[in-house]
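Here is how the chains run, residue by residue.
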Amino acid sequence: MFPIHNSLARKSSNATGDETSSECEGFNFRTFRWTQTMLFAVSEINSREDLLPNTDLGYVVYDSCYTISKAVEGTLTYLTGTDEAVPNYRCGDGPPQAAMVGAGGSDLSVATARILGLYHFPQVSYFSSCSTLGRSFQFPTFQRTIPNDKHQSSAMAKLVLHFGWTWVGTIASDNIYGKYGSKRFIDEVEEAGACIAFSETLPKGDSPEDIQSIVETVVASTAKIIVVFSSDVDFSPLIPELIRHNVTNRTWIASEAWVTSALIMQPGVSAVLGGTLGFGIQRADIPGLQEFLLDLDPYDDALTEEFWETLFNCTLDYGKALRRSKENAKGANSTHPRAERGVPDGLCTGREAIAKLGNTYSDVSQLRITYSVYKAVYVVAHALHNMELCEDGKGPFYGKDCANISTFEPWQLMYYIMNVRFKMPHTGEEIYFTNGDVEPYYEILNWQFNSDGEISYVSVGQYNGSAAPEDRFTIRNDSVVWSDDVLEPPRSVCSENCQAGTRKGIRQGEPVCCFDCIPCADGEISKTINARECIVCGEDDWSNDAHDACMPKIIEFLAFGEPLGITLIVISVFGALVTVAIAVVLVMNMGTPLVKANDPLLSFSLLFSLVVTFLCSIVFLGEPKDWSCMTSQVALALGFALCLSSIMGKSAVLMFRALALKAIRNKLKAAAKAAKAAAEAAANNEGPDIIVTNTNNSNNNNNAVAAVGANAEVDRLTFAQQRVMAAVATLIQAVACTVWLIVLPPHSIKNTSGQNIKIILECDEGSVVFICCIFAYDVLLALLAFIFAFIARKLEDHFSEGKFITFGMLVFFIVWISFIPAYLSTRGKFMVAVQIFAILASSFGLLACIFLPKCYVFLIKPESNTEEMMKPRPKPRDGTGTGTSASLATTATEITATTASTAIND
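The structure displayed is predicted, hence computed values, not measured ones. (Residues numbered from 1 in each chain as written. Predicted model: local features only at pLDDT ≥ 70, side-chain atom pairs only at ≥ 80, totals over all residues. Heavy atoms only, no water.)

(A) How the structure looks around the overall build of the protein chain. The helix and strand inventory of the protein chain stands at 23 helices and 24 strands. Counting over 906 residues, the protein chain shows a buried share of 50%. Of the accessible surface of the protein chain, which amounts to about 42900 Å², a share of 56% is contributed by carbon and sulfur atoms. (Helix = DSSP H or I, 4+ residues; strand = E, 2+ residues; numbered from the N terminus. Buried < 20%, exposed > 50% of the residue type's maximum accessible area, 1.4 Å probe, protein only. Areas by Shrake-Rupley, 256 points an atom, 1.4 Å probe, with all protein chains shown as cover.)

So this is what it looks like as structure tokens:
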């Protein structure tokens, strides 16, 4: 059974209404070659002495016309044994029927195999590759010499994946061959991550609208790879429309059914299908076949006659040719028609040369399906041969019987076909069946056109389904010529690959192959192409700029050796040296009034605490360790506690002196006011006993009243009390720091959250409550010292120590108030730098405001450092003047003397 024609022509009915067999149209030269190959194989077998030596093969040829109805009709007719199909009826007395070779197509074979299976009649197909036919339960008598399509689908999927094509279109014929083949291919590529851009079905018969729709889909799609599972008959109507729309820049993947078919070779096809890759079944050369094909008698039968007339566009019927010639002559108004001379136009001679036409019928360069037909005939022949050689008592059937080759049943031959094993002549290929299938083997063919438009089917690889999985698919990339003669494989993707450093973001409602490439977030990387997710770097790592690798984070701390660290060390050491130098100056001037005016020991404790604060800032530098964190924080807290408590002790004495002076001034004002009132009253009385005295000249009587209880009213705090006050205040801080170090001490930590690309080594305070309490205590001491100093700011005229302490504390507060926002707005090592700057600035502020004025007197104006220079200035008439703290006793004496003088004068 061969599809010698492409389709049914028409159906006719006689007058009684009985339907007759439909005629066929569209003679197919390729399938007619298959038919002739079967005849060649039968002739070759019959002429051999080693194969069926005592038996000749006969045949009956049926034309399926590529339609199921004709295939079923032919099958029933064959089984019936008459010209009319009668189901379940056999009328024939000739040699036994052996097997059916065919049918030519999976749809046709499914229909015929279901019928033949009912009768246990063997069927060997040469062109039906659909995987459905491999179900032995449904088709128990079906065998084939063409590989199962499941292997071809897998081979196509491997080809697509080999070149990285993830956006593929499919076109399939509207039959089980196309549907099952494309479905298996789609399942495999989708499982591997590829996507189907479109899936179209070729119409049966002439349907321009459907063809146009398919072409529009191909043109609109961005897919550059199109897989076609179809026969040449179904696919060929699409070719003209593709050419008309100039559909180029596409790579077509061909199934074995059309990869070498001449029916596809239409004018202009090279521009559309150039570079096609396809899978062809095993090719072979069959010696003597071409001579057999060319040595054809056009008068053998109706098929050869139709072939001849179609090939040479003439007729072998003289009467038909004569009528056609006369019609042509009438149409041309010829006065001397050729028909009148006895040689009608269009008449074949029967001696035309087939070889000169170069038709696909005589082309034996790509014998693939033809070779499959050749093998199918040999399968039946070898099965019959094995049956013929069976010896009685050694047979395969019940009781070890053998079948009689002259009267065997079809099921008996079926046993021999299923178990046949032989080597093909000329090629040496071993043929045997595994569950009705042969070993899968495909050549990967590449369509390469020359400048004249002639095609070459170049083998560029192979697929061997029986090999190990890793060795099944091989292809030589450099041998492939793509469309437009490009040497590089085309790209067929919905979206370009997401490179390392990005991840795939699926588009809503679109296939998974259509995606957006989203850069990995900071701290995340992707190392592979098309990564679905970004990988989060470890705690100590961070992503590089390309986000394709995790790099160790930068370790950051304020090091000793960097410029900023060196600068801070120099400033700290400079401040400590200056402080020591001031202490030396104080020692050198220990006995002078300016030093003795306040407790010298508090001055030295203040200078010592400033040395501590200057030097403790150095401990903040370098890589933080547990010991350095504890040392720096505790030294800072205790240093400032000692410093501020010393200042508080000094300012407390000044405050009490200022208060005492204020009390004395108030007494002076009251006494002066009373004396003045008494003098005015006496003047008004004008008594003779009134002695008028000059009351404004009070300085003349200062020494007279100097000893009137002056010292008893001035210093309420002794030096010892000041020292106790400073010691107790510092001790409280020391106890608090000790508890802090025991309970929750400061320690070094790695701060990985402060900055993304850095690991900041810093000190953790251990307890926020403790550090807040400790430094709040320092703030309390600073506030008390400031209040005391502020009250005593107008104590002196010549050397106002209270005023200098007030300025120093104001600087202290300004520095630390400014420090808070600056500290909170910085990160990393600059936080440490800001803290050190605050420590140094506040220390320098206190040192400069409190001790520089004294050093100025000691070094620049030593003549001012005397008791005389420390005396107060003359008091103004309004009584608002103030005295010096250095000679507060003298001032008190003057006030007392003035009061006494006024009383005497009165």
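(B) Layout of the packing of aromatic side chains. Across all of its chains, the model carries 39 aromatic pairs by this definition. The interplanar angle of 90 degrees and the centroid separation of 6.3 Å between the aromatic rings of Phe-279 and Tyr-442 together place this pair among those described as edge-to-face. Here Phe-279 is found in strand S10 (residues 277-281), whereas its partner Tyr-442 is found in strand S13 (residues 441-449), with 163 residues between them in sequence. Of the two residues, Phe-279 and Tyr-442, both sit in the buried class. One aromatic cluster in this structure is built from Phe-640, Phe-786, Phe-790, Phe-812, Phe-813, Trp-816 and Phe-819. (Phe/Tyr/Trp six-rings, centres within 6.5 Å; stacked < 30°, edge-to-face > 60°.)

(C) Focus on helix H4 (residues 149-162). Its 14 residues place the ends of H4 19 Å apart at the C-alpha level, agreeing with the 20 Å of an ideal helix rising 1.5 Å per residue. Along H4, the residues that are buried comprise Asp-149, His-151, Gln-152, Ser-153, Ser-154, Ala-155, Met-156, Ala-157, Leu-159 and Val-160. Of the residues flanking the end of H4, it is Gly-164, one or two places downstream, whose phi is positive at about 75 degrees. (Expected span 1.5 Å × (residues − 1).)

(D) Expanded view of the sheet that holds strand S5 (residues 142-144). With parallel pairing, the three strands of this open sheet are ordered in space as S3-S4-S5. In this open sheet, the two edge strands, each paired with only one partner strand, are strand S3 (100-101) and S5. Pairing of strand S4 (residues 123-125) with S5, which is carried by three bridges, proceeds in the parallel orientation. Across the sheet, the residue bridging to Gln-123 is Phe-142, located in S5. (Pairing = 2+ DSSP bridges.)

(E) Just the environment of Thr-631, in detail. Looking at where Thr-631 falls in the secondary structure, it is placed in helix H18 (residues 626-685). With relative accessibility at 36%, the residue Thr-631 sits in the partly exposed group.

(F) Geometry of the sheet that holds strand S14 (residues 455-464). A sheet is described by the order of its strands in space; here eight strands give the open sequence S7-S6-S8-S9-S10-S13-S14-S15, paired in mixed fashion. One side of each edge strand has no neighbouring strand; the edge strands of this open sheet are strand S7 (195-202) and strand S15 (473-475). Mean inter-strand twist for the sheet, computed between neighbouring axes without regard to direction, equals 25 degrees. Where S14 and S15 come together, three bridges link them in antiparallel fashion. (Axes fitted to C-alpha atoms, helices over the stretch in contact; angles between N-to-C directions.)

(G) Representation of the packing of helix H1 (residues 29-46) against helix H13 (residues 369-388). Close contact between H1 and H13 brings their axes to 9 Å; oriented N to C, the two are set at 35 degrees. Where H1 crosses over H13, the two elements pack in a sense that is right-handed. Note on element contacts: H13 touches H1 through Ile-369, Thr-370, Val-373, Tyr-374, Val-377, Tyr-378 and Ala-381, opposite Arg-30, Arg-33, Trp-34, Thr-37, Met-38, Phe-40, Ala-41, Val-42, Glu-44 and Ile-45. Counted by class, the contact of H1 with H13 contains 12 nonpolar, two polar and three charged residues. (Left-handed = near helix turned anticlockwise from the far one by under 90°. Contact = heavy atoms within 4.5 Å. Nonpolar A, V, L, I, M, F, W, Y, C, P; charged D, E, K, R; others polar.)

(H) Structural detail: helix H19 (residues 719-743). Helix length check: H19, at 25 residues, gives a terminal C-alpha distance of 37 Å against a target of 36 Å (1.5 Å per residue), a fit within 8%. Among the residues of H19, Gln-722, Ala-726, Ala-729, Thr-730, Gln-733, Cys-737 and Trp-740 are the ones counted as buried.

(I) Seen up close, unusual backbone geometry. Omega for the peptide link from Gly-102 to Ala-103 comes to -5 degrees, which places this bond in the cis form. Locating Ala-103 in the fold gives a position in the loop between S3 and helix H3 (106-118). In this structure, Asn-313 takes a positive phi of about 55 degrees despite not being glycine.

(J) Main features of the pattern of salt bridges. A full pass over the atoms with the stated rule returns 18 salt bridges. Measuring nitrogen to oxygen at the nearest pair gives 3.0 Å for the salt bridge that ties Arg-30 to Asp-232. Residue Arg-30 is located in helix H1, and its partner Asp-232 is located in helix H7 (residues 232-235); the two are separated by 202 residues in the primary sequence. Residue class for Asp-232 comes out buried when judged on its relative accessible area of 1%. (Salt bridge = Lys/Arg side-chain N within 4 Å of Asp/Glu carboxyl O.)

(K) Expanded view of the state of the cysteines. By the definition in use, this model includes nine disulfides. The side chain of Cys-195 participates in a disulfide bridge whose partner is Cys-513; the two sulfur atoms lie 2.1 Å from each other. Judged by the sign of its S-S torsion, about 90 degrees, the cystine formed by Cys-195 and Cys-513 is right-handed. Of this pair, Cys-195 sits in strand S7 while Cys-513 sits in the loop between strand S16 (502-506) and strand S17 (515-519), placing them 318 residues apart in sequence. We classify Cys-195 as buried; its relative accessible area is 4%. (Disulfide = S-S within 2.5 Å.)

(L) Highlighting a negative patch on the surface. Taken together, the side chains of Asp-295, Asp-297, Asp-300 and Asp-301 define an acidic patch exposed on the protein surface. Tracing the backbone shows Asp-297 in the loop between helix H10 (289-294) and helix H11 (302-312). Judged by its relative accessible area of 36%, Asp-297 is partly exposed. (Patch = residues over 30% accessible without salt bridge, like charges linked within 9 Å, V, L, I, M, F, W, Y side chains within 5 Å. Lys, Arg positive; Asp, Glu negative; His and termini not counted. Charge placed at Lys NZ, Arg CZ, Asp CG, Glu CD.)

(M) Region of the structure containing the environment of Arg-472. Among the secondary structure elements, Arg-472 is positioned in the loop between S14 and S15. On the accessibility criterion, Arg-472 (26% relative accessible area) is partly exposed. Sequence separation of Arg-472 and Ala-155 is 317 residues, and the distance between their C-alpha atoms is 8.6 Å. The residues touching Arg-472, leaving out its near neighbours within four places in the chain, are Gln-462, Tyr-463, Asn-464, Gly-465 and Ala-467. Within the local environment of Arg-472, its side chain forms a polar contact with the backbone oxygen of Gly-465, the two atoms lying 3.4 Å apart. (Polar contact = N/O pair within 3.5 Å; in protein donor to acceptor, adjacent residues only side chain to side chain.)

(N) Representation of a nonpolar patch on the surface in the model. A contiguous nonpolar patch, built from Leu-731, Val-735, Val-739, Ile-742, Val-743 and Leu-744 and spanning about 540 Å² of accessible area, is present on the exposed surface. Given the relative accessible area of 37%, Leu-744 is considered partly exposed.

(O) Looking closely at the nonpolar core. One finds Phe-185 and Leu-277 to be the most contacted residues of the largest nonpolar core, which totals 98 residues. When residues of this core are assigned to their parent elements, the largest contribution, 13 residues, is made by H13. When residues no more than four places from it in sequence are discounted, the contact partners of Leu-277 are Leu-159, Phe-163, Trp-165, Trp-252, Ile-253, Ala-254, Ile-444, Leu-445, Asn-446, Val-460, Val-480 and Trp-482. Judged by nonpolar contacts, the second largest core, of 58 residues, contains Leu-568, Ile-582, Leu-607 and Ala-658. (Core = buried A, V, L, I, M, F, W, Y, C linked by side-chain atoms within 4.5 Å.)

(P) Broad picture of the side chain of Thr-251. Following the sequence through the fold, Thr-251 ends up in strand S9 (residues 251-254). When its relative accessible area of 1% is taken as the criterion, Thr-251 is described as buried.

(Q) Region of interest: the pairing of S10. Of all five residues making up S10, five are buried, and the element is well covered by its neighbours. Burial along S10 is two-sided: the face carrying Leu-277, Phe-279 and Ile-281 and the face carrying Gly-278 and Gly-280 are both buried.

(R) Spotlight on the side chain of Lys-553. The residue Lys-553 is located in the loop between strand S21 (550-552) and strand S22 (554-556) in this model. An unpaired buried charge is present at Lys-553: no salt bridge exists, and Asp-540, the closest side chain of opposite charge, is 6.4 Å distant. Residues within four places of Lys-553 in sequence aside, it is in contact with Glu-539, Asp-540, Asp-541, Trp-542, Thr-752, Asn-756, Ile-757, Lys-758 and Ile-759.

(S) Highlighting the confidence of the model for the protein chain. On average, the protein chain scores 84 in pLDDT, and the residues at 70 or more come to 88%. In the predicted structure, residues 12-19 sits below a pLDDT of 50 and forms three contacts with residues beyond four places in sequence or in another chain. Here residues 687-714 is a poorly scored stretch, pLDDT under 50, and it has 33 contacts once near neighbours within four places are set aside; other chains count. (pLDDT = per-residue confidence, 0-100.)

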